[in-house]
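Tertiary structure, described
Single-letter residue listing:
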Amino acid sequence: MAVYYTSKAPSNGAGPTVGPGTFRGLVCLEAQVAMTTAMIDNTNDDVGLFYAPAGFVCIGGTISATDMDSSTGLAIDVGTAATEALFFSASAVGQAATFSTALAPAGHFYKFTARTEVRAFIQAAASGTPAAGTLKVALWGFIDPDYSTTALTAST
């Protein structure tokens, strides 16, 4: 059996510890948006949710909505202008008033290098009768401008 170590957990036990003096506080970015029928009846419509500060590293998120489609067509992406489905991809929460924590893999440990607007995009318009409702999105993480998104290399 081989035992592997990384720079954060070296074999000599001298790895860095997050604690007094170096604590990274949890940051929650959230928005609750009143969605009109005009906002959900066209593919590619979008709405600004909030700004993520430079150095924000996303470690989780949630999305929920009221029932805004009498059928099953409405799909919502949450991301940035550069990557529309960065955090949530084709979420069906607005089809039947549901809740999801299904963060897209690309958004997990994603680090913002500059202040960036996070937006909700209508990936697929309501296919039945659209209904006004509420969209709720939250992302949480920490702010660390020095955080490296490079994977640690393990060695024996």
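For the structure itself, consult the block above.
Described below are features of the structure shown in this document.

Calculation criteria
- Residues numbered from 1 in each chain as written.
- Predicted model: local features only at pLDDT ≥ 70, side-chain atom pairs only at ≥ 80, totals over all residues.
- Heavy atoms only, no water.
- Helix = DSSP H or I, 4+ residues; strand = E, 2+ residues; numbered from the N terminus.
- Buried < 20%, exposed > 50% of the residue type's maximum accessible area, 1.4 Å probe, protein only.
- Core = buried A, V, L, I, M, F, W, Y, C linked by side-chain atoms within 4.5 Å.
- Contact = heavy atoms within 4.5 Å.
- Pairing = 2+ DSSP bridges.
- Axes fitted to C-alpha atoms, helices over the stretch in contact; angles between N-to-C directions.
- Salt bridge = Lys/Arg side-chain N within 4 Å of Asp/Glu carboxyl O.
- Phe/Tyr/Trp six-rings, centres within 6.5 Å; stacked < 30°, edge-to-face > 60°.

**Considering the side chain of serine 64**
By secondary structure assignment, the location of serine 64 is in strand β3 (residues 56-65). For serine 64, a relative accessible area of 16% corresponds to the buried category.

**Examining the nonpolar core**
Membership of the largest hydrophobic core comes to 29 residues, with the highest contact counts inside it found for Leu49, Ile76, Val78, Phe87 and Val118. Broken down by secondary-structure element, the contributors of at least two residues to this core are β1 (27-35), β2 (46-52), β3, β4 (75-79), β7 (116-124) and β8 (133-143). What leucine 49 contacts, discounting residues up to four positions off in sequence, is Ala31, Val33, Val78, Val118, Arg119, Ala120 and Val137.

**Quick notes on the sheet that holds β8**
Pairing in this open sheet of four strands is antiparallel, and the strands run β1-β8-β3-β6 from one edge to the other. The strands lining the two open edges of the sheet, one partner per strand, are β1 and β6 (99-100). In terms of strand pairing, β3 meets β6 through two bridges, oriented antiparallel. Residue pairing for β6: serine 64 is matched across the bridge by phenylalanine 99.

**A word on the sheet that holds β7**
Pairing is antiparallel in the open sheet, where four strands are placed in the order β2-β7-β4-β5. Unpaired on one side and paired on the other, β2 and β5 (88-91) mark the two borders of the sheet. Each neighbouring strand pair of the sheet contributes to a mean axis angle of 20 degrees, computed without reference to strand direction. Sheet analysis places β2 next to β7, joined by six bridges and oriented antiparallel.

**Section: the pattern of salt bridges**
Pairs can form between side chains of opposite charge once their charged atoms are near each other. Tallied over the entire structure, the rule returns two salt bridges. With its nearest N and O atoms 2.5 Å apart, the salt bridge here joins aspartate 46 to arginine 119. Residue aspartate 46 is found in strand β2, and its partner arginine 119 is found in strand β7; the two are separated by 73 residues along the sequence. Residue classification places aspartate 46 among the partly exposed residues on the basis of a relative accessible area of 36%.

**Brief notes about the packing of aromatic side chains**
Following the criterion strictly, the structure yields six aromatic pairs and no others. Relative to tyrosine 110, the ring of phenylalanine 87 lies with its centre 6.2 Å away and its plane at 85 degrees, an arrangement referred to as edge-to-face. Of this pair, phenylalanine 87 sits in the loop between β4 and β5 while tyrosine 110 sits in the loop between β6 and β7, placing them 23 residues apart in sequence. You can call phenylalanine 87 buried: its relative accessible area is 0%.

**Focus: unusual backbone geometry**
Positive phi values are uncommon outside glycine, yet asparagine 44 reaches one of about 80 degrees. Mapping asparagine 44 onto the fold places it in the loop between α1 (37-40) and β2. For asparagine 44, a relative accessible area of 55% corresponds to the exposed category. We note that alanine 90 has phi near 50 degrees; this positive angle belongs to a residue other than glycine. Within the secondary structure, alanine 90 sits in strand β5.

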